[in-house]
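In case you want the letters, here they are:
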Amino acid sequence: MTITLFVLASRDTNIIVRKQIIQSLTNILETYPDNPKAQECWLKCVFPLVQDPENTVQAKVLGVVEEKFLQNMLSDRNEEREALFLLLEKLAHGEYLPYQRYLRKAFKCWQNEKKLK
């Protein structure tokens, strides 16, 4: 699977295309949570959209990121927690270190929305 097409779609000028890539890659990640390529695509294409200039795209991606990080952290299902820790492990190493800024941005937004104290 080549990531180039997904990256291009995540940077498309059309808001609908960016929203669709969020949904599509999230569906792929949910179906294959332990697949390194699915994780890579999701982190490289969906995560940066936390800083999208369009509020509706930003809101959609923040909802998805909230589900993947906050809700999965508190989940009773081991598979969901394991999927979260696989993403966090990727963010802690190598080429994904710069992507931590998107998680910080998401946490800041959640704090402003009073979802975090």
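In the block above lies the structure referred to throughout.
Fair warning: this is a prediction, and the values are worked out from it, not measured in the lab.

Asks: Mind laying out helix H5 (residues 78-91), listing which residues take part and the relevant values?
Replies: Because each turn of an α-helix spans 3.6 residues, side chains separated by three or four positions end up pointing in the same direction. Taking 1.5 Å per residue as the helical rise, H5 with its 14 residues ought to reach 20 Å, and the 20 Å between its terminal C-alpha atoms agrees with that figure. Residues of H5 that are buried make contact with helix H2 (15-31), helix H3 (36-46), helix H4 (55-73) and helix H6 (100-112).

Asks: Account for the packing of aromatic side chains, naming residues and giving values.
Replies: A complete count under the given rule lists 7 aromatic pairs for this structure. Their ring planes at 75° and their centres at 6.2 Å tell us that Phe47 and Tyr102 sit as a pair that is edge-to-face. Here Phe47 is found in the loop between H3 and H4, whereas its partner Tyr102 is found in helix H6, with 55 residues between them in sequence. The pair Phe47 / Tyr102 is uniform in exposure class, with both members buried.

Asks: Outline the packing of H2 against H3, supporting the account with residue identities and numerical values.
Replies: At a closest axis distance of 9 Å, the pairing of H2 and H3 adopts a crossing angle of 155°. On the basis of the axis angle, H2 is roughly antiparallel to H3. H2 and H3 meet at a crossing whose hand is left-handed. Residues Ile21, Ile22, Leu25, Thr26, Ile28 and Leu29 of H2 touch H3, and the partners they reach there are Ala38, Gln39, Cys41, Trp42, Cys45 and Val46. Tallied by class, the residues present in the contact of H2 with H3 amount to 10 nonpolar, 2 polar and no charged.

Asks: Can you lay out the packing of H3 against H5 for me, pointing to particular residues and giving the numbers?
Replies: The N-to-C vectors of H3 and H5 enclose an angle of 65°; their axes lie 11 Å apart at closest approach. For the element pair H3 / H5, the angle class is roughly perpendicular. Handedness of the crossing formed by H3 with H5: right-handed. In this structure, H3 contributes Pro36, Gln39, Glu40, Trp42 and Leu43 to the contact, and H5 contributes Leu86, Leu87, Lys90 and Leu91. When grouped by side-chain class, the residues that make up the contact of H3 with H5 number 6 nonpolar, 1 polar and 2 charged.

Asks: I'd like to hear about the side chain of Ser10, residue by residue, with values.
Replies: Summarising the element assignment, Ser10 is placed in helix H1 (residues 4-10). Its relative accessible area of 6% is what places Ser10 among the buried residues. A polar atom in the side chain of Ser10 sits 2.8 Å from the backbone oxygen of Val7. For Ser10, the residues in contact, after removing those within four places along its chain, are Arg18, Ile21, Cys45 and Leu49.

What counts, and at which threshold
Residues numbered from 1 in each chain as written. Predicted model: local features only at pLDDT ≥ 70, side-chain atom pairs only at ≥ 80, totals over all residues. Heavy atoms only, no water. Helix = DSSP H or I, 4+ residues; strand = E, 2+ residues; numbered from the N terminus. Expected span 1.5 Å × (residues − 1). Contact = heavy atoms within 4.5 Å. Phe/Tyr/Trp six-rings, centres within 6.5 Å; stacked < 30°, edge-to-face > 60°. Buried < 20%, exposed > 50% of the residue type's maximum accessible area, 1.4 Å probe, protein only. Axes fitted to C-alpha atoms, helices over the stretch in contact; angles between N-to-C directions. Parallel < 35°, antiparallel > 145°, perpendicular 65-115°, else oblique. Left-handed = near helix turned anticlockwise from the far one by under 90°. Nonpolar A, V, L, I, M, F, W, Y, C, P; charged D, E, K, R; others polar. Polar contact = N/O pair within 3.5 Å; in protein donor to acceptor, adjacent residues only side chain to side chain.

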